[in-house]
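Structural features, examined
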Amino acid sequence: GAVVSQHPSRVICKSGTSVKIECRSLDFQATTMFWYRQFPKQSLMLMATSNEGSKATYEQGVEKDKFLINHASLTLSTLTVTSAHPEDSSFYICSAGDSGGASDTQYFGPGTRLTVL
Amino acid sequence: GQQLNQSPQSMFIQEGEDVSMNCTSSSIFNTWLWYKQEPGEGPVLLIALYKAGELTSNGRLTAQFGITRKDSFLNISASIPSDVGIYFCAGGGLGNLIFGKGTKLSVKP
């Protein structure tokens, strides 16, 4: 149980294009989903907290107009990187909190490797 | 803000050896979680701890939630090559998680 999927697993795009990443909780409902960014050899950096049916809460320094988050249902959240630039290249990971379980436990997706040329 | 100190940063051990890593904080947490991450993958939850003093095992892994709620350790017994990866601790209690910087484990066959 508690499986989270992400799609795509890997994407390469040209500078200036937008990229959408999907995060799905497959066997549980997630009131809250989280988006992280991870640079090589570093820990996870929380970008934003996504709550179903409401606006996402962004961490300090994360541009909400650049990283658009939509959490339209209890099983799906999307992150859109708009007008991507090479510095946006990174490993993006989502996680989902199990609304039926302990609120702080997060289950992670497999990650999306974004490369912007 | 809240911070976690995770140690050691890295470990190089022989197959069969036991491993111990820990996390400490100046803040109190209501939840301690331990994750393992392999290259190119997302973190996988190993053990979740919800109560101070709680000691929980998952196969060869054992973790404890410190009685002060400011620390936790993870032990791996009789390590095997597939234990290689980066282990992260995470403290929770305010709706989100605070992560340690990770312990990179290398196991020599």
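Details of the structure are given in the entry above.
Below is a summary of the structure that appears in this document. (Residues numbered from 1 in each chain as written. Chains lettered and ligands numbered in written order. Predicted model: local features only at pLDDT ≥ 70, side-chain atom pairs only at ≥ 80, totals over all residues. Heavy atoms only, no water.)

Quick notes on the overall build of chain B
- If you tally the helices and strands in chain B, you get zero helices and 11 strands.
- Its helices and strands in sequence order give chain B the pattern β-β-β-β-β-β-β-β-β-β-β, from N to C terminus.
- Rg of the C-alpha trace for chain B: 13 Å, near the compact-globule value of 13 Å for 109 residues, within the 12% margin.
- When its C-alpha atoms are laid out on the principal axes, chain B stretches across 40 × 25 × 20 Å.
- Of all 109 residues assigned to chain B, the portion counted as buried reaches 43%.
- Here the analysis covers contacts within chain B between residues at least 6 apart in sequence; of these, 52% occur between residues at least 24 apart.
- With the model as given, the accessible surface of chain B reaches about 5,300 Å², and the carbon-plus-sulfur share is 52%. (Helix = DSSP H or I, 4+ residues; strand = E, 2+ residues; numbered from the N terminus. Rg over C-alpha atoms; globule rule 2.2 N^0.38 Å. Buried < 20%, exposed > 50% of the residue type's maximum accessible area, 1.4 Å probe, protein only. Contact = heavy atoms within 4.5 Å. Areas by Shrake-Rupley, 256 points an atom, 1.4 Å probe, with all protein chains shown as cover.)

Focus on the sheet that holds strand E8 (residues 76-81) of chain A
All names here are of chain A.
- Pairing is antiparallel across the open sheet formed by four strands, whose spatial order is E1-E3-E8-E7. Edge positions in the sheet fall to strand E1 (4-7) and strand E7 (67-73), since each of these pairs with one other strand and no more. Sheet twist, expressed as the mean angle between neighbouring strand axes with direction ignored, is 15 degrees.
- Where E7 meets E8, five bridges bridge the pair, whose relative direction is antiparallel. Across the sheet, residue Ser73 finds its bridge partner in E8, namely Leu76. (Pairing = 2+ DSSP bridges. Axes fitted to C-alpha atoms, helices over the stretch in contact; angles between N-to-C directions.)

Section: the sheet that holds strand E8 (residues 71-76) of chain B
Residues and elements named next belong to chain B.
- Taken in spatial order, the five strands line up as E1-E3-E8-E7-E6 in an open sheet, and their pairing is antiparallel. Across the chains shown, the open sheet's two edge strands, defined by having one partner strand only, are strand E1 (4-7) and strand E6 (55-58). Direction aside, the axes of adjacent strands within the sheet are offset by 15 degrees on average.
- Across four bridges, the pairing between E1 and strand E3 (residues 19-25) is antiparallel. Along E3, the bridge assignment pairs Ser7 with Asn22.

Looking at the nonpolar core
- Core analysis: the largest hydrophobic core is formed by 24 residues, its most contacted members being Trp35, Phe67, Leu79, Tyr92 and Leu114 of chain A.
- Looking at this core, the elements that each hand over two or more residues are strand E2 (10-13), strand E3 (19-25), strand E4 (32-38), strand E5 (44-51), E7, E8, strand E9 (90-97) and strand E11 (112-116) of chain A.
- Residues within four places of Leu79 of chain A in sequence aside, it is in contact with Val19, Lys20, Ile21, Trp35, Phe67, Leu68, Ile69 and Tyr92 of chain A.
- Counting residues in hydrophobic clusters, the runner-up holds 22 residues, among them Leu4, Leu61, Ile76 and Tyr87 of chain B. (Core = buried A, V, L, I, M, F, W, Y, C linked by side-chain atoms within 4.5 Å.)

So, unusual backbone geometry
- Here the amide bond leading from His7 of chain A into Pro8 of chain A is cis, since omega sits at 0 degrees, within 30 degrees of zero.
- Turning to its location among the elements, Pro8 of chain A is positioned in the loop between E1 and E2.
- The peptide bond linking Ser7 of chain B to Pro8 of chain B adopts the cis configuration, its omega dihedral lying at -5 degrees.
- In this fold, Pro8 of chain B is placed in the loop between E1 and strand E2 (10-14).
- Phi at Ser83 of chain A takes a positive value of approximately 45 degrees, unusual for a residue other than glycine.

Geometry only, nothing functional implied.
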